[in-house]
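Now for the letters of each chain:
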Amino acid sequence: MRYQSTRDKTKRVSASGAILQGISSEGGLFVPEKLPELSVQRLEKMVGQDYIQRAQGILADFLSDFSQEEIARCLQNAYGSGSFSSAKIAPLSRLGQDAYLLELWHGPTCAFKDMALQLLPQLMAASVEKSGGKEEIVILVATSGDTGKAALEGFRDVPGIRIVVFYPEEGVSPLQKLQMATQEGENVFVAAIQGNFDDAQTGVKRLFTDREVLEKLQAKNQIFSSANSINWGRLLPQIVYYVSAYCDLVQEEQIALGDPVNICVPTGNFGNILAAYYAKRMGLPVQKLICASNRNNVLADFIATGAYDRNRPFYATTSPSMDILVSSNLERLLFDLMDEDDAKIHDLMRRLETEGRYIVSPQVLLRLQADFAGGFCDEAQTADAIRRIYDRYSYLCDPHTAVAVSVYEQYRAKSADDTKTILVSTASPFKFPHSVLSALGEDPAGLDEFQIAERLERISGRSMPKQLSDLREKPIRFTECFAKDQMDRALERIL
Ligand SMILES: *Cc1c(COP(=O)(O)O)cnc(C)c1O
C-alpha cells in the first residue's frame with residue numbers, strides 16, 4: 001500500500017517512508033491511497049484472537065513494505081514485553097446497560113498516548129533499517145504533558161534513535177514534571193523551557209529548520225524526526241484498539257457479530273477519533289462517532305455548522321490534553337469527505353493559517369454529520385460527571401474521560417439513540433488526582449499529589465498505578481531549565 005499527501009496527491013511514499021518523513025514536504029499529511037477491508041468473516045476470525053494477533057492482521061494490510069516477521073517483532077516489543085499492566089492491553093469496563101469504557105491507560109505512563117507511542121518507535125527503527133539509512137535519528141518533542149513522557153518511554157534505549165523533550169516550566173502538572181525529570185534510558189534528554197507551551201513549541205519548530213543546527217547535525221551524521229500526532233505511525237496503532245474492542249464485545253456476548261455500536265471519544269487534536277473513523281470506513285460496524293470536546297468547543301461548533309473558527313478565547317481546563325484550537329488531524333477527514341480534492345484542502349488549510357477560519361460546503365457538512373455527532377461540556381459538567389459515575393458505579397474516571405461521559409449523556413437525551421456505545425477512557429484518574437478529588441467534593445488544598453492520591457485510594461478502594469507511585473522514590477535526573485532563545489545551545493550540549 002502507498003500513501004499520498006492530502007495537499008498534493010502526486011507526493012506518494014511507502015508506509016516506511018510516511019513513518020520516517022512524518023509530514024509531506026509541502027505540509028500535507030500522509031493518508032493511505034485505499035483503505036483495506038474488514039469483512040464480517042475477518043472480524044469473526046479475530047474474535048478468538050488476542051490483542052497482538054488482531055493487531056498483526058490489521059497492521060499487515062497497511063504496512064505492505066514490512067515483512068510479517070518485522071511486524072510481529074515490533075508488536076512484541078511494544079505490547080508483549082510487560083509494559084502494559086493489563087493482559088488485554090486495552091480492556092473494557094462495563095458502565096450500566098448500554099455503555100462500555102475502553103481503558104487505554106494501562107501503559108507505562110498511564111495515558112492513552114502509550115497505545116501509539118509504544119509502537120511508533122519500533123516502526124521507526126524498522127523503517128530506518130529498511131531505508132538503509134546510516135544516520136542516527138534525533139526525535140525532538142515539545143510537550144504540554146502527556147506526549148513528552150509517553151514519547152520518552154517509547155523511545156528509551158531504542159537503538160539508532162535519540163530523543164530530546166522540551167517542556168514549559170509553567171505548563172505541566174507537578175506529577176507530569178516528575179514523570180519526565182526521573183526518566184530513565186541512555187538515549188533520552190529532558191529540559192525545561194522558561195515560558196509556556198507555545199514558547200516550547202515555537203522553539204522546537206525553529207530548531208527543525210535552523211540552518212546552523214542542521215549543518216552541525218549533518219556533520220555528526222544525525223537527522224531530526226518528529227513523533228507528533230500527525231505521523232501515520234501514531235494513527236495506525238489506534239485503529240487496532242477499536243477493532244479489538246468490538247471483537248471483545250462479541251466475545252463477551254454483549255453484542256452479536258455485525259451489530260452496530262457507537263463510539264464516543266474525548267477529542268483534542270482529532271487523532272484518536274479519526275482512527276475510529278478509519279475503522280468504520282474499513283467496515284467495522286460503527287453507527288455514530290461522537291466527538292466530545294471540553295470548553296474549547298471548536299470541533300463541536302464545526303460539526304454543528306460547517307464553520308471551523310479558531311478565533312475565540314482559549315481556556316485552560318481540567319482536561320488539558322484537549323485544550324486545543326487547531327485540530328491537525330481533521331485535515332485527513334476533510335480530504336476523505338471532499339473526495340480527495342488536494343487543491344481544495346490546500347486552500348482550506350491556507351485559510352486556516354491566514355484567517356484562522358474556513359467553511360465547508362453544505363454537501364460536505366451533510367456527509368460529516370452522517371458519521372459524526374459533536375458535543376461539549378464545561379468544567380462544572382466535567383466535575384459532575386466524575387462524581388455521578390463514582391456515586392453510581394464506584395468507578396473513578398479522569399477529567400478527559402468525564403468529558404466523554406457527559407457528552408454521551410447529552411447525546412442520548414437529545415437523540416434517543418440507544419445503540420450500545422464504547423466510551424473511550426484516555427487517562428488513569430490517578431494521573432489527575434487533584435481534579436478528581438475536588439470533583440468528589442473533597443478539598444485537596446495543602447496536600448501534595450501523592451497525599452491526594454492516597455485519599456483517592458482510600459475513597460475508591462483502588463490503588464495508584466505502580467508507575468506513578470514509584471515516582472516518589474526515583475532519583476531526579478534532569479533539572480536544567482533554559483531560556484527560550486537558548487534552545488539551540490541546549491541541543492548542542494545534549495548531542
Ligand atoms: C492526547 C489526549 C487526548 C486527545 O486525543 P487526540 O488524539 O488529540 O484527540 C485526550 N485525553 C488524553 C488523556 C490525552 O492525553
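Worth saying up front: this structure is predicted, and the values here are computed from it rather than measured.

Caption draft 1: Region of interest: the overall build of the protein chain. On a plain count of helices and strands, the protein chain comes out with 22 helices and 16 strands. In summary, the protein chain has a C-alpha radius of gyration of 22 Å against a globular reference of 23 Å for 495 residues, a match within 12%. The principal-axis extents of the C-alpha atoms in the protein chain amount to approximately 60 × 55 × 50 Å. For the protein chain, buried positions account for 58% of its 495 residues.

Caption draft 2: Inspection of the packing of helix α3 (residues 51–62) against helix α4 (residues 68–79) at higher detail. In the contact formed by α3 and α4, the axes pass within 10 Å of each other and the chain directions differ by 140°. Taken together, the axis directions place α3 and α4 in an arrangement best described as oblique. Every pair of crossing elements has a handedness; the one defined by α3 and α4 is right-handed. Taking contact as the criterion, the partners of Y51, I52, A55, Q56, L59 and A60 in α3 are, on α4, Q68, I71, A72, L75, Q76 and Y79.

Caption draft 3: The arrangement of unusual backbone geometry in detail. Backbone geometry places N221, a non-glycine residue, at a positive phi of 60°. Along the chain, N221 turns up in the loop between α10 (211–219) and β9 (222–225). Take N221: its relative accessible area is 39%, and that puts it in the partly exposed class. Even without a glycine there, the phi angle at E340 is positive, about 60°. Looking at the secondary structure, you find E340 in the loop between α14 (330–337) and α15 (342–355). Residue classification places E340 among the partly exposed residues on the basis of a relative accessible area of 23%.

Caption draft 4: Inspection of helix α11 (residues 232–251) at higher detail. Between its first and last C-alpha, α11 extends 30 Å over 20 residues, near the 28 Å set by a 1.5 Å rise per residue. Among the 20 residues in α11, 19 count as buried, and that is most of the element. For α11, the N-terminal cap is N231; the gap from its side-chain oxygen to the backbone nitrogen of G233 is 2.7 Å. Just past α11, the residue E253 takes up positive phi, approximately 60°.

Caption draft 5: Examining the site of the ligand more closely. Taken together, the neighbourhood of the ligand is formed by 15 residues, with K113, D146, G268, N269 and T426 sitting nearest. Within the contact set of the ligand, an oxygen atom lies 2.7 Å away from a backbone nitrogen or oxygen of N269. At 3.3 Å, a backbone N or O of G271 approaches an oxygen atom of the ligand.

Caption draft 6: Spotlight on the packing of aromatic side chains. In the structure shown here, the tally under the stated rule is 14 aromatic pairs. Centre to centre, the rings of F189 and F478 are 5.3 Å apart; their planes meet at 70°, and the pair counts as edge-to-face. Of the two residues, F189 is situated in strand β8 (residues 188–193) and F478 in the loop between α21 (466–469) and β16 (481–482); the sequence distance between them amounts to 289 residues. This pair shows no difference in class: F189 is buried, exactly as F478 is.

Caption draft 7: Structural context of the side chain of T426. You can see T426 is positioned in the loop between β15 (421–425) and α19 (433–439). Residue classification places T426 among the buried residues on the basis of a relative accessible area of 7%. With near-sequence residues (within four places) excluded, T426 lies in contact with W105, A111, F112, P266, N272, D398, H400 and T401.

Caption draft 8: Broad picture of a negative patch on the surface. On the surface, E212, E215, D485 and D488 cluster together into a negatively charged patch. On the basis of relative accessibility, which here comes to 32%, the residue D488 falls in the partly exposed class.

Criteria and thresholds
- Residues numbered from 1 in each chain as written.
- Predicted model: local features only at pLDDT ≥ 70, side-chain atom pairs only at ≥ 80, totals over all residues.
- Heavy atoms only, no water.
- Helix = DSSP H or I, 4+ residues; strand = E, 2+ residues; numbered from the N terminus.
- Rg over C-alpha atoms; globule rule 2.2 N^0.38 Å.
- Buried < 20%, exposed > 50% of the residue type's maximum accessible area, 1.4 Å probe, protein only.
- Axes fitted to C-alpha atoms, helices over the stretch in contact; angles between N-to-C directions.
- Parallel < 35°, antiparallel > 145°, perpendicular 65-115°, else oblique.
- Left-handed = near helix turned anticlockwise from the far one by under 90°.
- Contact = heavy atoms within 4.5 Å.
- Expected span 1.5 Å × (residues − 1).
- Polar contact = N/O pair within 3.5 Å; in protein donor to acceptor, adjacent residues only side chain to side chain.
- Near = heavy atom within 4 Å.
- Phe/Tyr/Trp six-rings, centres within 6.5 Å; stacked < 30°, edge-to-face > 60°.
- Patch = residues over 30% accessible without salt bridge, like charges linked within 9 Å, V, L, I, M, F, W, Y side chains within 5 Å.
- Areas by Shrake-Rupley, 256 points an atom, 1.4 Å probe, with all protein chains shown as cover.
- Salt bridge = Lys/Arg side-chain N within 4 Å of Asp/Glu carboxyl O.
- Lys, Arg positive; Asp, Glu negative; His and termini not counted.
- Charge placed at Lys NZ, Arg CZ, Asp CG, Glu CD.

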